[in-house]
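Spelled out from the first residue to the last, the chains are:
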Amino acid sequence: VEASIRFGIFSTRSGGCVVLVGLGKPEIMLPIVNAAVREVDIRGIFRYANCYPKAIDMVASGSVDVKPLITHRFKLEETVAAFETAKTGAGGAIKVMIKC
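Summary of the structure given here. Note that the structure is predicted; figures quoted are calculated from it, not measured. (Residues numbered from 1 in each chain as written. Predicted model: local features only at pLDDT ≥ 70, side-chain atom pairs only at ≥ 80, totals over all residues. Heavy atoms only, no water.)

What follows concerns the layout of surface pockets. Size it by volume and the largest pocket reaches roughly 930 Å³. Lining the largest pocket are 20 residues, and of these Ser 4, Ile 5, Val 19, Leu 20 and Val 21 sit closest to its centre. Listing elements by their share of the lining of the largest pocket, those giving two or more residues are helix 1 (2-11) and strand 1 (17-21). Class assignment for the residues of the lining of the largest pocket results in 14 nonpolar, four polar and two charged. (1 Å grid on protein atoms, 1.4 Å probe; cavity = no way out; pocket = protein on both sides within 12 Å on 5 of 7 lines; lining within 4 Å. Points joined across faces, edges and corners; volume = space filled by probe spheres on them. Helix = DSSP H or I, 4+ residues; strand = E, 2+ residues; numbered from the N terminus. Nonpolar A, V, L, I, M, F, W, Y, C, P; charged D, E, K, R; others polar.)

The structure is reproduced here in structure tokens:
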């Protein structure tokens, strides 16, 4: 989603790297000047085979804290609002959770 890529670029520290995983729209608008002047690298990866075990180990060991990635929580009755938030990136949405 374009909003997520833009947020990724803006939230990456100067000299850092944004990695785009998977495929999205063929063309999007990016804050390229912001990325360029802050020397933010933008990398794409199409496949991520064999990455899950390492990622799971990192989360399980506590070396990566994923809790801050969940920015919004909704009740099941608020599903439509949850999907709209995820779609638009409203309120800086990164990960939207629906409690079932």
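Evaluated as defined, the whole model comprises one salt bridge. Of the charged contacts, one joins Asp 41 and Arg 43 as a salt bridge, the two residues approaching to 3.7 Å between their closest N and O atoms. Residue classification places Asp 41 among the partly exposed positions, given a relative accessible area of 37%. (Salt bridge = Lys/Arg side-chain N within 4 Å of Asp/Glu carboxyl O. Buried < 20%, exposed > 50% of the residue type's maximum accessible area, 1.4 Å probe, protein only.)

What follows concerns the side chain of Thr 85. In this structure, Thr 85 sits in helix 4 (residues 79-88). Look at Thr 85 and you get buried, because its relative accessible area is 12%. Beyond its immediate sequence surroundings of up to four residues, Thr 85 is in contact with His 72, Phe 74, Ala 90, Ala 93 and Val 96. (Contact = heavy atoms within 4.5 Å.)

Moving on to a nonpolar patch on the surface. Residues Phe 7, Met 58, Val 59, Val 64, Val 66, Leu 69 and Ile 94 make up a contiguous nonpolar surface patch of roughly 510 Å² in combined accessible area. With respect to the helices and strands, Val 66 occurs in the loop between helix 3 (52-61) and strand 3 (70-75). In this structure Val 66 comes out as partly exposed when scored by relative accessible area, which is 35%. (Patch = residues over 30% accessible without salt bridge, like charges linked within 9 Å, V, L, I, M, F, W, Y side chains within 5 Å. Areas by Shrake-Rupley, 256 points an atom, 1.4 Å probe, with all protein chains shown as cover.)

As a further point, take the side chain of Thr 12. By the secondary structure assignment, Thr 12 is in the loop between helix 1 and strand 1. A polar side-chain atom of Thr 12 sits 2.5 Å from the main-chain carbonyl oxygen of Gly 8. With near-sequence residues (within four places) excluded, Thr 12 lies in contact with Cys 17, Val 18, Arg 38 and Val 40. (Polar contact = N/O pair within 3.5 Å; in protein donor to acceptor, adjacent residues only side chain to side chain.)

Checked against the element boundaries, Leu 23 lands in the loop between strand 1 and helix 2 (32-37). Linking Leu 23 and Val 1, residues 22 residues apart in sequence, is a C-alpha distance of 9.5 Å.

Turning our attention to the pairing of strand 1. Where strand 1 meets strand 2 (residues 41-45), five bridges bridge the pair, whose relative direction is parallel. If you follow Val 21 over to strand 2, its bridge partner there is Ile 45. Taken together, strand 1, helix 2 and strand 2 constitute a β-α-β crossover, and its handedness is right-handed. (Pairing = 2+ DSSP bridges. Right-handed = clockwise from strand over helix to strand, strands pointing away.)

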